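Overview (structure and organization)
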Amino acid sequence: NGNKVQSLDGETKKVMPVVAAQGTQVAYISKGAKSVVVLNTTDGSSEEYPYNFAEQSTSSLAFAPDGAVYLCDSTGIYRHASGGTLWERIVDGTTTSIGLPAFYVNGLYIANDGSNDIYVTGGNQLLKYALDENASATAAKTLTVFSLHEENIVQQAVVAFNRMQSEVSVEYTVAMNQSTGGTEQDYIKALNTELLAGKGPDIIILDGLPMDSYIEKGVLSDIGEIVDGAESALPNVRNSFVSADGKLYAMPTRIKLPLAVAGKDSIGAFASLSALADRCGQSGEIPYLANAAFSEQTLAEVLLSYYGTRVESGNEQDITSFLSDAGRIAKAIGSTDQLCVGWEALSGTPQSELLDGMRVSNYGPQLWAYMTGRAQGMLLLPLGSIYSGMIVLSAAEQTESMMTDVAGQYQPAGIVGINRASAVQDAAADFVKVLLSYDVQTGDRFADTFPVNTKALSDVMNVVDNSISQSMRLDSTNSLESEWPAQATRETLLKLLQSVDQPLSTDHTLNDMLTPPLVAYLNGSDTLESAVGKTKSILATYLSE
């Protein structure tokens, strides 16, 4: 009759809520996403099967004819017998399509014909899993891969590699996904201890790790011949990672592009910090950059990221010059401690939320200012795909603006290295080649980084996807409408990606330490001389450690 019979207190926010039912049994994800609850609606009794669901993950539940509960997520397919104590993994996600980053499970079905065949749906795919009595239960060897944070390209490669191999399986460990509550520095120290003892993972994804120190201490193998024997990679990226001794100890597997947009007459301003400071000082009534996006805090963070290498030498003259140029920019564009001032779309949003947002993407306030005549240029956080930067590219087209890189730099991602102490060097070499392969590099349509595989990048930039459009409200009467960028725009972007040859640092620890004295100088709470002294002290301490 439409009246509610019972309400189940399940999880609805941390993960996508799912429910399965059979007869009088109802299975659902518990509040907190730490278990699956199986409720008997006849007497109200329930059983709880512990399972730690990954936050924001997708999963599905199903009952088998014998009453067992099946669970599927990106890690695999599991079975829990009624009254049992453990989940039995039936299918390993790292060897099948369900483990791919672009696959989102939305249906799970168990055949009732006695075969117990398993069917999984996701996107436009229907996958069938059946028992192979002749398949080997375990591989003879294990290849271990470690990263601080999860890298989709690595997960793509794990699945591809495991599909190809029967003798070697990949075990991928993501430190910050573990539930031990450690910090980045905790995991880095633990990893360093293992590596210096001649142990540790076979493959190391070096994003956020002290790569230069590993090279200096002889931790990494030379992978030059491996990369050159793989499918063709961008030479500008490969050559930029060659060490001082002429060897290649690490290789980015994806990249992002720091991007700037401005008129033809001033686009060269982004080539150096001093040139940018000069142009900001000459801008007149309309500032060159939008202070809506660049508070003293965010300006300090972006300038250190893009132009801070001259500071890291510890040379007092370089430090003084950097701080002075940053101060000139802050003064010229009118930076304050506030973000998005004047933009109606975000009025009333707490500054803490705006700061978090600007660290992920500073497109919004800059597009608003640029398209409404409040700024003459845009200095954007690294662009990772046409999908994510579509509205920026459309703005450049509509205003007939120029696009450029920032001082010839790119942001490397998925930087791969091989542990010199690894006992499975051949398998590690094969894994690196899989990472750089066309199939893996193009495996995720909505990847947030660009391929380094030469053919993959070219093909990605030739894609035309008119199935999507974007829109952004500029003010109460105007909005920015965006469609897939024109071929000329995509060709310009491709040329930039093929030419940038200066990698940005992925070790953010130092910049985090250098930001406070720079902010203090920009907001006037500290003098130039004092800020220089504090910066030198931080550098001396950091370098000595």
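Here goes a summary of the coordinates provided. (Residues numbered from 1 in each chain as written. Predicted model: local features only at pLDDT ≥ 70, side-chain atom pairs only at ≥ 80, totals over all residues. Heavy atoms only, no water.)

Overview of unusual backbone geometry
Within the chain, glutamine 56 stands out as a residue other than glycine whose phi angle is a positive 65°. With respect to the element layout, glutamine 56 can be found in the loop between β4 (46–50) and β5 (60–63). Here asparagine 116, not a glycine, exhibits a phi torsion of approximately 60°, which is positive. With respect to the helices, strands and loops of the structure, asparagine 116 is situated in the loop between β9 (107–110) and β10 (118–122). (Helix = DSSP H or I, 4+ residues; strand = E, 2+ residues; numbered from the N terminus.)

Some words on the nonpolar core
Counting 97 residues, the largest nonpolar core has Leu143, Ile203, Leu259, Phe431 and Leu493 as the members making the most contacts within it. By residue number, the principal contributor to this core is helix α11 (residues 386–398), which donates 8 residues. Those residues within four positions of leucine 143 in sequence are excluded, and the remaining contacts are Phe161, Val168, Ser169, Val170, Glu171, Asp202, Ile203, Val424, Ala427, Ala428 and Phe431. Among the nonpolar cores identified, the runner-up in size contains 41 residues, and Ala277, Val302, Ile333 and Leu539 belong to it. (Core = buried A, V, L, I, M, F, W, Y, C linked by side-chain atoms within 4.5 Å. Buried < 20%, exposed > 50% of the residue type's maximum accessible area, 1.4 Å probe, protein only. Contact = heavy atoms within 4.5 Å.)

Observations concerning the sheet that holds strand β2 (residues 25–29)
Pairing between the strands of a sheet is mediated by backbone hydrogen bonds and can be parallel or antiparallel. With antiparallel pairing, the 4 strands of this open sheet are ordered in space as β1-β2-β3-β4. With one partner strand each, in any of the chains shown, β1 (19–22) and β4 form the two edges of the open sheet. Pairs of neighbouring strands in the sheet enclose a mean axial angle of 15°, with direction left out of account. In this structure, β2 lies alongside strand β3 (residues 35–40), joined through 5 bridges in antiparallel fashion. Counted as the bridge partner of glutamine 25 is asparagine 40 from β3. (Pairing = 2+ DSSP bridges. Axes fitted to C-alpha atoms, helices over the stretch in contact; angles between N-to-C directions.)

What to know about the packing of aromatic side chains
Counted by the stated rule, this structure contains 9 aromatic pairs. Chaining the aromatic ring pairs together yields one cluster made of Tyr49, Tyr51, Phe53, Tyr78 and Trp87. (Phe/Tyr/Trp six-rings, centres within 6.5 Å; stacked < 30°, edge-to-face > 60°.)

A few points about the pattern of salt bridges
Pairing between side chains becomes possible if they bear opposite charge and their charged atoms approach one another. Applying the stated criterion across every chain yields a total of 11 salt bridges. Glutamate 316 is the partner of lysine 536 in a salt bridge, and the nearest nitrogen-oxygen pair spans 3.1 Å. Of the two residues, lysine 536 sits in helix α17 (residues 528–544) while glutamate 316 sits in helix α8 (residues 316–333), which places them 220 residues apart along the sequence. On the accessibility criterion, glutamate 316 (44% relative accessible area) is partly exposed. The shortest N-O distance in the salt bridge between arginine 328 and aspartate 325 comes to 2.9 Å. Taken together, the positions of arginine 328 and aspartate 325, both in helix α8 and 3 residues apart, correspond to about one turn of that helix. The class for arginine 328 is partly exposed, based on a relative accessible area of 36%. With a relative accessible area of 7%, aspartate 325 lands in the buried category. Bridged by salt links that share partners, the residues Asp278, Arg310, Asp325 and Arg328 form one connected network. (Salt bridge = Lys/Arg side-chain N within 4 Å of Asp/Glu carboxyl O.)

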